[in-house]
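# Chain and residue survey
Residue-level listing of the chains:
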Amino acid sequence: MIDTDLIPSNHPRAKSLAIRHLLTNGFNSGLVVSEGLIAHGRGEAFDYLIGEKTSTFALDAIKAASSLLLLAEKPVISVNGNVAALCPKEIVDLAYETSSSIEVNLFYRNKKREYLIEETLKKNGANVVLGVGQKEFLKIPELTSNRRHVDPEGIFLADVVFVPLEDGDRTQALINMHKKVITVDLNPLSRTAQNATISIIDNIVRSVPELVKTSRQLKQKSPNSLLKILNNFNNKYNIDNSLKIIRGLKCEQ
Ligand code: PTJ
């Protein structure tokens, strides 16, 4: 384990170094694969370019995503190794606030990691974690990677799926199955961000706590008000403006 006390709190990059240590600690305990460290580095580069803060466009996407989760009949949150290392408690809180199920879905799938991620989520308050164990998984049509294996009671049946931190073809395949997909991805050009119904272009360590807070507030509202928030949201406008931030261009507010 790396001792995060070694980072002085007044260090200009203290926050992002502490986040990096969540990943390296996750790698040392077996939650995170080595490829997950590379994926995190890619995320860090984009975070630097967006100024390491949540934009107004990401806040709008968070509002729309909370509304969609609250309106869903069967929402499911998909958790990979990086997500389990970075924000397990917040994922459990989000599942609670939005009555979502939690499912482990791994690119580098093995039983040991499935159980480790389940254990981490349960330690953080989860009751049931899908996508783990000996049960027969079903397959998402069109996909060849391990991400195609989904729980028959979870992602396979879901109407809304939250798939944070993955760049791949699963989002399009889920959309082809008539599901709505929400993602958090710092890279607005990733295949997942480009194809999702709602793309939150932000660091997961900032956006999931914000999703929890927003869902707690929005669940007091009527379904019609939530629908209004959703209908006013335009994902292309959100992605275009997030790209402008990265390019240092003036944004439409
Ligand atoms: O745990 P597994 O086996 O499922 O493997 C997980 C990884 C992350 C290795 C796997 O899903 C993967 O290879 O991911 P990708 O395809 O590299 O995609 C990760 C995406 O997440 C990239 O577009 C990154 O920019 C983005 N990203 C990385 N860290 C963050 C992030 N987005 C938001 N917040 C972050 N902290």
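Residues numbered from 1 in each chain as written. Predicted model: local features only at pLDDT ≥ 70, side-chain atom pairs only at ≥ 80, totals over all residues. Heavy atoms only, no water.

So, about the overall build of the chain. When you go through the chain residue by residue, the secondary structure sums to 11 helices and seven strands. Expected size for 253 residues packed as a compact globule is a radius of gyration near 18 Å; at 17 Å, the chain falls within 12% of this value. Structurally, the chain occupies a C-alpha span of about 50 × 50 × 35 Å along its principal axes. Considering the chain as a whole, with its 253 residues, one finds that 51% of them fall into the buried category. Partitioning the intrachain contacts of the chain with sequence separation of at least 6 by distance along the chain shows that 62% fall at a separation of at least 24. (Helix = DSSP H or I, 4+ residues; strand = E, 2+ residues; numbered from the N terminus. Rg over C-alpha atoms; globule rule 2.2 N^0.38 Å. Buried < 20%, exposed > 50% of the residue type's maximum accessible area, 1.4 Å probe, protein only. Contact = heavy atoms within 4.5 Å.)

Glancing now at the site of the ligand. Surrounding the ligand, one finds 26 residues, the nearest of these being Arg42, Gly81, Phe107, Arg113 and Arg147. In this structure, Arg147 approaches the ligand through a side-chain N or O atom, which is 2.7 Å from an oxygen atom. Against a free-state accessible area of 740 Å², the protein chains account for coverage of 95% of the ligand. Examining the composition of the shell around the ligand, we find that six residues originate from one element, helix α2 (residues 34-49), more than from any other. Its residues placed into classes, the shell around the ligand shows nine nonpolar, nine polar and eight charged. (Near = heavy atom within 4 Å. Polar contact = N/O pair within 3.5 Å; in protein donor to acceptor, adjacent residues only side chain to side chain. Areas by Shrake-Rupley, 256 points an atom, 1.4 Å probe, with all protein chains shown as cover. Nonpolar A, V, L, I, M, F, W, Y, C, P; charged D, E, K, R; others polar.)

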